[in-house]
Amino acid sequence: MPEPAVIFENVTVELGGRVILDRLNGAVEAGVLTAVMGPNGAGKTTLLHAVLGLIPYRGRILFGPRRSEKRPRLGYVPQRLDLDRGSPITVRDFLAAVLTNRPLWLGIHRHTDLSAVAMLKHIGVQDVLQTPLGRLSGGETQRVLLAQALLARPEVLLLDEPAAAVDVAGEALFCDILDEVQSEMGITTLLVSHDLSVVTTHARNAICLNRELICSGPVAQVLTPDNLRRVFSPHIDIFGHHHIPSLPAKDEPDGFSG
């Protein structure tokens, strides 16, 4: 069996009298990218927040093969960064906050600057170091958020639809960068996504939710027409996709629609 990085045991989340996640059991494989899929309101973001310890839950979330309740170093990239677009805070200041406990007004050490520049260069946005956050494009913002998460040297990286607010080309670029980072660093990555093409291209495993666990496992085994109908809608129309061997023949139209 693959080594687990995160284990869910009967995880239930109830907020405002409503059950968001219901007795979830499963595991996230260490060192690979696992996608979390499901319709709106299925509990995907809630699952990430539970892993982060931001919300109360019943059951247990354990980490690593020793099944420890102590959280490892976690990195998190949200869908978007909510901020005052007129704020003078720069990318340099934003990244330095992860690397030092010193107040920014005391100055930023040279090694902190070098680390920030190296990470920005690694993800292809080295020219934005002195740019105010509010002036970044959507794609640049998401890559800066990824840089901040990676500077914390996470053992588990949580991504909540990180490219949802960018165009198709920006999404493809972000996912390619993520592939490189995941491959080089071997980080366990949990990616929330609605995009079937992103999941089939970039994820090894998938977890499908609709308040409860519908199915999980290797992408090619999990994302079958029957399972996708169970997750999203019994009325969904699914067409062949060349990344999923179990779907219909390639001469049928690509994609899926509801």
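Scroll up a little and you will see the structure.
All of the points below concern the structure found in this document. Just so it is clear, the model here is predicted, and its values are computed rather than measured. (Residues numbered from 1 in each chain as written. Predicted model: local features only at pLDDT ≥ 70, side-chain atom pairs only at ≥ 80, totals over all residues. Heavy atoms only, no water.)

Okay, the pattern of salt bridges next. Overall, the coordinates contain eight salt bridges when judged by the stated rule. A salt bridge links Glu29 to Arg204; its shortest N-O distance comes to 3.4 Å. One end of the pair, Glu29, is in strand 2 (residues 18–29); the other, Arg204, is in the loop between helix 6 (196–202) and strand 8 (205–210), and 175 residues separate them in sequence. The exposure class assigned to Glu29 is buried, which follows from its relative accessible area of 19%. Three or more residues joined by partner-sharing salt bridges are found here, namely Glu9, Arg60, Arg67 and Glu69. (Salt bridge = Lys/Arg side-chain N within 4 Å of Asp/Glu carboxyl O. Helix = DSSP H or I, 4+ residues; strand = E, 2+ residues; numbered from the N terminus. Buried < 20%, exposed > 50% of the residue type's maximum accessible area, 1.4 Å probe, protein only.)

Membership of the largest hydrophobic core comes to 46 residues, with the highest contact counts inside it found for Leu95, Leu120, Val144, Leu146 and Leu223. Counting residues per element, this core draws most heavily on helix 4 (residues 138–151), which supplies seven residues. Within the second largest apolar cluster, 24 residues are counted, among which are Val36, Leu52, Val192 and Ile207. (Core = buried A, V, L, I, M, F, W, Y, C linked by side-chain atoms within 4.5 Å.)

The next subject is the pairing of strand 2. As paired elements, strand 1 (residues 4–15) and strand 2 share eight bridges and run antiparallel to each other. For Val13, the partnering residue across the bridge sits in strand 2 and is Leu21. Linkage of strand 1 to strand 2, two consecutive antiparallel strands, is achieved through a turn of two residues, within which Gly16 is found at a positive phi near 60 degrees. (Pairing = 2+ DSSP bridges.)

Right, let's get into the environment of Thr90. Relative to the elements of secondary structure, Thr90 occurs in the loop between strand 5 (74–77) and helix 2 (91–99). On the basis of relative accessible area, Thr90 is assigned to the buried category, the value being 12%. Spatially, the C-alpha atom of Thr90 lies 9.9 Å from that of Leu136, the residues being 46 residues apart in sequence. Those residues within four positions of Thr90 in sequence are excluded, and the remaining contacts are Leu129, Gln130, Thr131, Pro132 and Leu133. (Contact = heavy atoms within 4.5 Å.)

Further remarks concern unusual backbone geometry. Positive phi values are uncommon outside glycine, yet Arg153 reaches one of about 50 degrees. In this fold, Arg153 is placed in the loop between helix 4 and strand 6 (156–160). Take Arg153: its relative accessible area is 56%, and that puts it in the exposed class. A positive phi angle is found at Arg211, which is not glycine, with a value near 70 degrees. Within the secondary structure, Arg211 is located in the loop between strand 8 and strand 9 (212–218). We classify Arg211 as partly exposed; its relative accessible area is 42%.

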